[in-house]
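Residue strings, one per chain:
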Amino acid sequence: MQIGVIGFPDSWYVAELQRAAEQLGHVCQPLEFPAISAFVGSRDARIECGVIDLAAFDAVIVRTLPPGSLEQVVVRMDLLARLEAQGTIVLNSPKAIECAVDKFLTTARLASAGLPVPRTVVCESSERALEAFEQLGGDVVVKPIFGAEGRGIFRVSDPDLAVRSFRAIERTAGVIYLQEFVAHPGFDTRILVLDGRVLGGMRRTSDDFRTNIARNGRGEACLLTDEHCDLALRAAAETGSRFAGIDLLQRQDSRLLVLEVNAVPGWKAFTRVTGIDVAQEVIRSLERSRLQASTA
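A quick note: this is a predicted structure, and the numbers were derived from the prediction, not measured.

Calculation rules
- Residues numbered from 1 in each chain as written.
- Predicted model: local features only at pLDDT ≥ 70, side-chain atom pairs only at ≥ 80, totals over all residues.
- Heavy atoms only, no water.
- Helix = DSSP H or I, 4+ residues; strand = E, 2+ residues; numbered from the N terminus.
- Rg over C-alpha atoms; globule rule 2.2 N^0.38 Å.
- Buried < 20%, exposed > 50% of the residue type's maximum accessible area, 1.4 Å probe, protein only.
- Contact = heavy atoms within 4.5 Å.
- Areas by Shrake-Rupley, 256 points an atom, 1.4 Å probe, with all protein chains shown as cover.
- Lys, Arg positive; Asp, Glu negative; His and termini not counted.
- Charge placed at Lys NZ, Arg CZ, Asp CG, Glu CD.
- Pairing = 2+ DSSP bridges.
- Core = buried A, V, L, I, M, F, W, Y, C linked by side-chain atoms within 4.5 Å.
- Axes fitted to C-alpha atoms, helices over the stretch in contact; angles between N-to-C directions.
- Parallel < 35°, antiparallel > 145°, perpendicular 65-115°, else oblique.
- Left-handed = near helix turned anticlockwise from the far one by under 90°.

Asker: How would you explain the overall build of the protein if you had to name every residue and give the values?
Answerer: Check the secondary structure of the protein and you find 9 helices and 16 strands. A compact globule built from 296 residues should have a C-alpha radius of gyration of about 19 Å, and the protein, at 20 Å, falls within 12% of that. Counting over 296 residues, the protein shows a buried share of 45%. In the protein, the share of contacts with a sequence separation of at least 24, taken over all contacts with a separation of at least 6, comes to 65%. Accessible surface computed for the protein: about 14,400 Å², of which carbon and sulfur atoms make up 50%. Of the charged side chains in the protein, 33 are positive and 38 negative; the average position of the first set lies 1 Å away from that of the second.

Dropping the structure here:
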């Protein structure tokens, strides 16, 4: 197979996918979103990355979603959708990425499907946000709608700081996304799901309420219960994600909540603590997809 990986060329993840692809007899080529362009004519259409015609790839893995303007993000998803329409396997699909990257859309879908999620409010007005702050118990976590690795997340329990924070977001024409702060035992669980099966789980512990490994969280392998696995599989399915990282949080009363679904999940710490070769699992998943497509 010819496989393209959209990511930073010098990243550990791109190198891991190249290593796994080569071991299994495939060619893996790094790509970058800013270098991708498209040509559309009445009888011709091409999507290219520099001099590379992406139609030559059997599959494309989306490994990073770099920051960009609304126009840039929309066009990137459009390009992935066109690739998919032309028969290229895209992991994850643009529809899944669009859902999972949007925290509110993900939370709303999960809640509609009956999955347990923290109480959440999204609004543009600082006045409404202050009302929500009180409704959610006067202790909330404020998150950017788009973002990962704990960036831009902060906790507010002081009304004066809440007012100032909400007004600052309002002045920048931002969206105020609030979730109730959930008291927990000091850890959450990251579960990797691929093709409707659980690869494994990792407990992330931190002295901060944010347990992300990128924010100095400490990872360790953990045993998963049937409930962990059921919630993770259902959450991935609701966002349409073939490959996903699901974050579950245990309340003080032991009930589980689904915090987030990441459709471009990292697995560096996960591989270190579980010993699972995630890059090889991803390449084998693409092999199965290509075989299914060729026999359809």
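Asker: Report on the sheet that holds strand β3 (residues 36-40), specifying residues and quantitative values.
Answerer: Strands sit in the order β3-β4-β5 across an open sheet of 3 strands; the sheet is antiparallel. Each of the sheet's edge strands pairs with one partner strand only, and the pair in question is β3 and β5 (52-53). Taken together, the 2 bridges between strand β4 (residues 45-49) and β5 define a ladder with antiparallel strand orientation. Each residue of the ladder has a partner; that of C49, found in β5, is I52.

Asker: Report on the nonpolar core, specifying residues and quantitative values.
Answerer: Among the nonpolar cores identified, the biggest contains 33 residues, and I36, L54, L80, I246 and V258 are the most heavily contacted of them. Those elements giving two or more residues to this core turn out to be β4, β6 (59-62), α2 (70-85), α3 (94-100), β12 (187-194), α7 (226-239), β15 (243-250) and β16 (256-262). Leave out the neighbours within four places in its chain, and I36 touches I6, I47, E48, C49, L54 and L79. Counting 27 residues, the second largest nonpolar core, distinct from the first, contains Y13, I89, L194 and V282.

Asker: Could you give an account of the sheet that holds β15, naming the residues involved and the relevant values?
Answerer: Spatially, 5 strands are ordered β14-β13-β12-β15-β16 in an open sheet, and the strand pairing comes out antiparallel. Each edge of the sheet is formed by a strand with only one pairing partner; in this case those strands are β14 (218-221) and β16. Each adjacent strand pair in this sheet contributes to an overall mean axis angle of 30 degrees, direction not counted. The sheet contact formed by β12 and strand β13 (residues 197-205) spans 8 bridges and is antiparallel. Across the sheet, the residue bridging to V193 is V198, located in β13. Lying on the sheet, α7 is in contact with β12, β13, β15 and β16; it crosses β16 at an angle near 40 degrees.

Asker: Let's hear about the packing of helix α4 (residues 103-112) against α7: which residues, and what values?
Answerer: When two helices pack together, you describe them by how their axes are tilted relative to each other and by the distance separating the axes. At their nearest, the axes of α4 and α7 sit 10 Å apart, and the two run at 120 degrees to each other. Taken together, the axes of α4 and α7 are oblique relative to one another. Our pair here, α4 against α7, has a crossing hand that is right-handed. For the pair formed by α4 and α7, the contact residues are T106, R109 and L110 on the first element and A235, E238 and T239 on the second.

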